[in-house]
Amino acid sequence: SQWIFLGGAFVKKEDAVVSVYDHGFLYGDGVFEGIRVYSGNVFRLDAHLKRLFESAQSIMLKIPYTQEGMTQLIVETIRKNQLDSAYIRVVVSRGKGNLGLDPSSCSIPNVIIIAEELTMYPKEFYERGIKIASVASRRNRPDVLSPQIKSLNYLNNILVKLEANQAGVEEALMLNDQGYVTEGSADNIFIVKNGVIYTPPVYLGALEGITRNAIIDVARAKGYEVRESPFTRHDVYVADEVFLTGTAVEVIAVIEVDNRVIKDGKPGAVTNELLEEFRKIVTTDGVTCYP
Ligand SMILES: Cc1ncc(COP(=O)(O)O)c(CNc2cccc(C(=O)O)c2)c1O
C-alpha cells in the first residue's frame, strides 16, 4: 500500500486525512513543493527545500523540522514506498485552528509528504509542442501576494488554467498588471531570439522555478547568453523559439501563442538541446535515496 507522512508518522493512503479545521483547507494558509525523483535521485531537493522554507518564512509559518530533517523525511517516504521515479508533494499548512482566519489559533503546523508513482507526459507532447494563450486574469501583484511564495493559494493559477481550457489550449500565459509576460499557470516561460535566451525576472511576478534555474545553468554552461529581462506578448509572437519549464512539464516547446505560429511551428533546436541536457542532469543533481 501507499504510505503518506502525516502527523509525524507514516499512515496508509486511505487513512491520510486532515481536519476540516486545518487552515490549509479553510484558507489556503500554507506552503507546498512539487518535486520529482528520477531513478532514485530527488532532483535539486536542496533548492526545493530552500524555497519551501523561504515561502514559510515569508508567511511567518515555522516549519517544525530543520531542512536536514525534512530531507531525511522525504527520502524515508520515497524508500518506504519503494519508489524509483516519483512525484513528491510536500505540504506545510498552518494546521488546525478555529474557524477564524487568525493564524494565532493554530498551534501545530501540519507537515504532509505524499509520494506518487511518476506519470510522464506522452513523448509526442514533446515532439509536437503545445499551444498557449494569454488570458485576461493577470498574475497577482507582488505587493498583494508575492508570486515568489509557493503558497496553497493557487486560485489565481486555477482561474488562469480554466481560461486556457476554455480557449482550447494546453497552457495559459499570465501577464502582470503592466502587461509584461510573467509565467504560465504552473510553469516558467523562456523565449529565444537571435541566439539569445530570455526569461522574465521573478520580481515581475513569477515563481522562481527550480527547473527555470536549472535550465539557466544548463544554457549558460553550454555558452548561451541568458538574460532575465522583461518582455511583452509581442516579443513572444516574433520569437525564434518559445518554451516552458516546470517540475511537471520539464521543458516543453510552445509552437503557437494566441494563434500566432512561432517560426515554423515546430519545437526549436535550442529547446530540444536544453531538454536533452536537462534529462542528463536530473538523475545526478540532487539527493540519492538508494546510496
Ligand atoms: C506558478 C508556478 N510557476 C512556475 C512553476 C515551475 O516551478 P518548478 O520548476 O520549481 O516546478 C510552478 C511549479 N508548479 C508545479 C510544480 C509541481 C507540480 C505541478 C503540477 O502541475 O502538478 C506544478 C508554479 O506553480
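Residues numbered from 1 in each chain as written. Predicted model: local features only at pLDDT ≥ 70, side-chain atom pairs only at ≥ 80, totals over all residues. Heavy atoms only, no water.

> Explain the overall build of the protein chain to me, using residue names and the numbers behind them.
Each helix and strand in the protein chain was counted, giving eight helices and 16 strands. In terms of C-alpha radius of gyration, the protein chain reaches 19 Å, essentially the compact-globule figure of 19 Å for 291 residues. Summarising its shape, the C-alpha atoms of the protein chain cover approximately 55 × 45 × 30 Å along the three principal directions. Looking at the protein chain alone, contacts between residues at least 24 apart form 70% of all its contacts between residues at least 6 apart. With the model as given, the accessible surface of the protein chain reaches about 13,500 Å², and the carbon-plus-sulfur share is 54%. One way to put it: in the protein chain the 31 positive side-chain charges average out to a point 1 Å from where the 37 negative ones average out. (Helix = DSSP H or I, 4+ residues; strand = E, 2+ residues; numbered from the N terminus. Rg over C-alpha atoms; globule rule 2.2 N^0.38 Å. Contact = heavy atoms within 4.5 Å. Areas by Shrake-Rupley, 256 points an atom, 1.4 Å probe, with all protein chains shown as cover. Lys, Arg positive; Asp, Glu negative; His and termini not counted. Charge placed at Lys NZ, Arg CZ, Asp CG, Glu CD.)

> Can you tell me about helix α8 (residues 269–281), naming the residues and giving the values?
Taking 1.5 Å as the rise per residue, α8 with 13 residues should run 18 Å; its terminal C-alpha atoms sit 19 Å apart, in good agreement. If you check which residues of α8 are buried, you get Val270, Thr271, Leu274, Leu275, Phe278 and Ile281. The buried residues of α8 occupy an angular sector of 130 degrees when projected down its axis, which confines them to one face. In this structure, α8 carries Ala269 and Glu276 as exposed residues pointing more than 90 degrees from its buried face. (Expected span 1.5 Å × (residues − 1). Buried < 20%, exposed > 50% of the residue type's maximum accessible area, 1.4 Å probe, protein only. Arc of directions from axis to C-beta.)

> Go over the environment of Lys13 with me, naming the residues and quoting the values.
By the secondary structure assignment, Lys13 is in the loop between β2 (9–12) and α1 (23–27). Since its relative accessible area comes to 44%, Lys13 is described here as partly exposed. When the C-alpha atoms of Lys13 and Trp3 are compared, they prove to be 5.7 Å apart, with ten residues separating the residues in sequence. Apart from residues no more than four positions distant in its own chain, Lys13 is found in contact with Gln2, Ile4 and Glu116.

> Any details on the layout of surface pockets? Residues and values, ideally.
Put simply, the largest pocket is a space of about 760 Å³. Together, 35 residues line the largest pocket, and Ala186, Asp187, Thr247, Ala248 and Val249 are the ones closest to its centre. Sorting the residues of the lining of the largest pocket by element identifies β3 (30–38), β5 (86–93), α5 (155–167), β9 (181–184), α6 (210–221) and β13 (241–246) as the ones contributing at least two each. (1 Å grid on protein atoms, 1.4 Å probe; cavity = no way out; pocket = protein on both sides within 12 Å on 5 of 7 lines; lining within 4 Å. Points joined across faces, edges and corners; volume = space filled by probe spheres on them.)

> If you had to explain α5 to someone new, which residues and values would you point to?
Its 13 residues give α5 an end-to-end C-alpha distance of 18 Å, which sits within 8% of 18 Å, the value for a rise of 1.5 Å per residue. When we look at burial in α5, the residues that qualify are Asn156, Asn157, Val160 and Ala164. Within α5, the buried residues cover an arc of 95 degrees as seen down the axis, which keeps them to one side. Facing away from the buried side of α5 by over 90 degrees, the exposed positions are Leu155 and Gln166. On its buried face, α5 sits against β8 (171–175).

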